[in-house]
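Structure at a glance
Residue-level listing of the chains:
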Amino acid sequence: MVGLKLFNTKGGLIEVMPHLAEVEAEVQALIEAHMDTMLGVRFLASEYVIDCVDGGRIDSLGLDENGAPVIVEYKRGTDVGVINQGLYYMAWLMVHKDAFRSLVRDRFGAAAASQVLWSAPRLICVAGDFTRYDAHAVREHRRSIDLVRYRYFGDAHIGLETVASVTGQAAVSRRSRRRAARLPLTRKQDGAMAELAEAVDGALLGLGGGVTRIQRKQYAAYQRLRNFACLIPPQQTKLLVYLKADPKEVDLVPGFTRDVTGLGHHGTGDLELQLRSERDLERAQDLFRLSYAAA
């Protein structure tokens, strides 16, 4: 299963035969308890009741690593209505922003509530499986939608596999035309650092299928289901890139790599790369791939 990630929930050995949960609520409870680790999303609310004529309950609400609002819907098996249901809730959310801001403010504070990235809301559908029609349907929408298949392995591991990932208008995929998708953060920059930033952007977008760039004022985030790299706007003599690779598993080189665990910085990731030349970019390729695989 390409892109499969296994998460140990209790310890023990992985059973050979994968299987589905007994009930949908089991999957929801597990993912909500580990949402940051599994999806890169900070949990906000469960079974959130929406106030509209037809009513409804959003399975999970969250905030992703870049401050974008996230709706997560779950199905035990295959359900052709999960995407439409999620989009229905998304439409409600986009006209009830104050309600979402209030949730964010109560849980993460006023600063987080003021910085919600409304240009890139996301829908994540987690189900036992999807049809080929589901994968086609998400490509017809302008919202960011991820279809994620789950499987249990014994009673101690769960596997998540991204089946399809489609970006919204604010996100740029590697399939977009490069000239149209030029990095906003380099438009006012000139010289070698701007060229290096473009090269880094191309390298990160080209790592594999489903890579998305999310642009924020302070950084550009590159994600699959989760961020795996963040590129900071060029400084005069260097570029900073933050990766999700574990610094403890990397041979740190002064002036090139640095462990920033616990240190405040824009973007996400505990491994800082300092790039000053094309040669540094070549040296960084293995670390890019390591972080991409970890995401």
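In this section: the overall build of the protein. Each helix and strand in the protein was counted, giving eight helices and 15 strands. Evaluated residue by residue, the protein yields a buried proportion of 52% over its 295 residues. Across the protein, the fraction of contacts at a sequence separation of at least 24, relative to all contacts at a separation of at least 6, is 61%.

Of the residues in the protein, 86% have a pLDDT of 70 or more, and the chain-wide mean is 87. For the stretch residues 170–181, pLDDT sits under 50, and the model shows 24 contacts to residues farther than four places along the chain or on other chains. Contacts of residues 185–189 to residues separated by more than four positions or lying in other chains number 13 contacts, the stretch itself having pLDDT below 50.

The tally for this structure, following the rule as stated, stands at one cavity of 30 Å³ or more. Of the volumes computed, that of the largest cavity is approximately 90 Å³. Every residue lining the largest cavity is counted, 15 residues in all, and those nearest its centre are R122, S144, T212, I214 and Q223. Where the lining of the largest cavity is concerned, the elements lending two or more residues are β7 (144–153), β8 (157–166) and β10 (212–215).

This part takes up unusual backbone geometry. In this structure, E47 takes a positive phi of about 50° despite not being glycine. With respect to the helices and strands, the residue E47 is situated in strand β3 (residues 41–49).

This next bit is on the pattern of salt bridges. Overall, the coordinates contain 12 salt bridges when judged by the stated rule. A salt bridge links D280 to R283; the shortest N-O distance between them is 3.0 Å. Of this pair, D280 and R283 both sit in helix α8 (residues 278–294), three residues apart, which is roughly one turn of that helix. The buried category is assigned to D280, whose relative accessible area is 9%. With relative accessibility at 34%, the residue R283 sits in the partly exposed group. Each member of the salt-bridge network shares a partner with another, and the members are D64, R122 and D146.

What counts and how
- Residues numbered from 1 in each chain as written.
- Predicted model: local features only at pLDDT ≥ 70, side-chain atom pairs only at ≥ 80, totals over all residues.
- Heavy atoms only, no water.
- Helix = DSSP H or I, 4+ residues; strand = E, 2+ residues; numbered from the N terminus.
- Buried < 20%, exposed > 50% of the residue type's maximum accessible area, 1.4 Å probe, protein only.
- Contact = heavy atoms within 4.5 Å.
- pLDDT = per-residue confidence, 0-100.
- 1 Å grid on protein atoms, 1.4 Å probe; cavity = no way out; pocket = protein on both sides within 12 Å on 5 of 7 lines; lining within 4 Å.
- Points joined across faces, edges and corners; volume = space filled by probe spheres on them.
- Salt bridge = Lys/Arg side-chain N within 4 Å of Asp/Glu carboxyl O.

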